[in-house]
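Analysis of the macromolecular model
The chain contents come next:
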Amino acid sequence: MKLQFLFTLLLLAVVSPVVAQDGPRYSHTGPTIIKGVRVIDGLGNAPRENQDIVIVDGKIASMGPAGKLATPENALKIDGKGMTVLPGLIDMHVHLQGGWANGTIPGDRYQPRYDEVAVQQRLNAHLYAGVTTVLECGSDHEYILKWRKRINDGEVFGPRFYTTGAPWDQEPSGWEAGNTTGDATFGNSTKVTAIAALPEQMDKYKKDEIEIIKLYSGLSPHAAGFVVKEAHKRDILVIADFWRMNMDRIIMEATGLDGWAHCSPSEIPASSNKWMAENNRFCIVTATLGEAMSGLRVKDEGGKKLMLKEPLIVNVWGEETVKEFYAVYPQIRHNYYDGPEAFYQQNGFGDLSRFRAKFLENIKNAYDAGVLLTGGSDCVYPSLWDGEVMHRELELFVEAGIEPVQAIKCCTYNAAKILRRDKEFGSLQKGMSADILIVAGNPAKNISDTRNVKHVFLSGKQVDRDSLKLNE
């Protein structure tokens, strides 16, 4: 949950794959009609059966009972029988910098990968799995702005891309005791050095068109209050990862935070959830992070190596990378999580196997209280694979006790609402951008059916998923 100890390797550094970048990005860009499909609209409503959806000029032009809508000339026709259409998934916590294996095993096989091939593979993985929007939650500031520009300019193919920029941390300076001078600093994190430096720092984020910033746990709650105040003056939202204090009402009241970057492994009183709901606060729960920290996804497989059978993983990352993951995972767990010298044990985390259960308990309690929840991956931890992980996130929402259509709402509409884009995308309504995922089966009854991806549309264009596969 802190980039300071998440170490600089992308998964694909274990092999040297060829990532498809040239050739078709879209297999169809004109009008489309999806016929006779089940519709889950992302708004939490019951599915509507046997519907037609017409897409024109990148938007949903009309929806209605099958056979009742006019078919545009030269439209692509998709037979939706036995399939379900839902909004494209939104991952609200990704990192383009960082990775899971650097320094965890002997030898020098694992090297940092920030090159175009590495990043393109991660972007491909999101789209291949039907994740059409991401919020990048903390990387080197200028690095991530360059990637955002390249994606927005069409130079690089990827999902809709938002970023918090560099996360905010604190440089020990004594300014809390009265020092009001200091230089504005930027980089892998934006260091809060003085009250006087905050306006210049925040002006840069506003100029860089960043609408949500992220605070790290190195920042004191006292300092966080000053940061939040400057952000709100500029209509910038603020989320935080304060680890054990996540979801704490007192911290939110004291600082003015808008939301949390993670759920919490701590006991959260009902009063905190009630306050968050009544005061329109939100939480990006990253249920899959709780599972990754616990190590239970791999343990639950009982040695069957089920990730090797998951197309959303293997088709993008490659079989050799997945095999390598399983080979090194026991030592990763020992070196970083469970061994006596591991980071988490040195910092007093104790038995991590409880984390998944506590995350799911806190998610359900917050949901029942009416807190606005959304999903995210923090996809720099072992067992989290970009793209595929959001389908696991949905499954964990349901395991927590949330109905499937409501889980889908959390990971589509709710995310768009937090991004303040819910009038543009995140649900299936007339006039909305056609960011669409079409899957075989009925996720309203079996949430894992979202994994059966058949078609992905981004802004009304059909993504050529075959061009996103890894060529080993």
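Residues numbered from 1 in each chain as written. Predicted model: local features only at pLDDT ≥ 70, side-chain atom pairs only at ≥ 80, totals over all residues. Heavy atoms only, no water.

Here we take up helix α2 (residues 141-152). When the terminal C-alpha atoms of α2 are compared, their 17 Å separation across 12 residues agrees well with the 16 Å that a helix rising 1.5 Å per residue should span. His-141, Tyr-143, Ile-144, Leu-145, Trp-147, Arg-148, Arg-150 and Ile-151 are the residues of α2 that are buried. Buried residues along α2 sit against α1 (116-128), β9 (131-136), β10 (160-163) and α3 (198-207). Just beyond α2, the residue with positive phi is Gly-154, at close to 85°. (Helix = DSSP H or I, 4+ residues; strand = E, 2+ residues; numbered from the N terminus. Expected span 1.5 Å × (residues − 1). Buried < 20%, exposed > 50% of the residue type's maximum accessible area, 1.4 Å probe, protein only. Contact = heavy atoms within 4.5 Å.)

A separate point is the packing of aromatic side chains. Throughout the structure, instances matching the rule amount to 14 aromatic pairs. Arranged with centres 6.0 Å apart and planes meeting at 55°, the rings of Trp-317 and Trp-385 form a pair that is tilted. Taken together, the residues Trp-317 in helix α9 (residues 311-317) and Trp-385 in the loop between β17 (372-374) and α13 (388-399) connect sequence positions 68 residues apart. A residue is classified by how much of its surface remains accessible, and Trp-317, at 0% relative accessible area, is buried. (Phe/Tyr/Trp six-rings, centres within 6.5 Å; stacked < 30°, edge-to-face > 60°.)

Moving on, we get to the pairing of strand β4 (residues 48-56). Within a regular strand, side chains alternate between the sheet's two faces. When strand β3 (residues 32-39) meets β4, the two strands line up antiparallel, connected through five bridges. Along β4, the bridge assignment pairs Val-39 with Arg-48. Of the strand pairs in this sheet, β4 and strand β5 (residues 59-65) are connected by six bridges, and their pairing is antiparallel. Of the residues in β5, the one forming a bridge with Ile-55 is Ile-60. (Pairing = 2+ DSSP bridges.)

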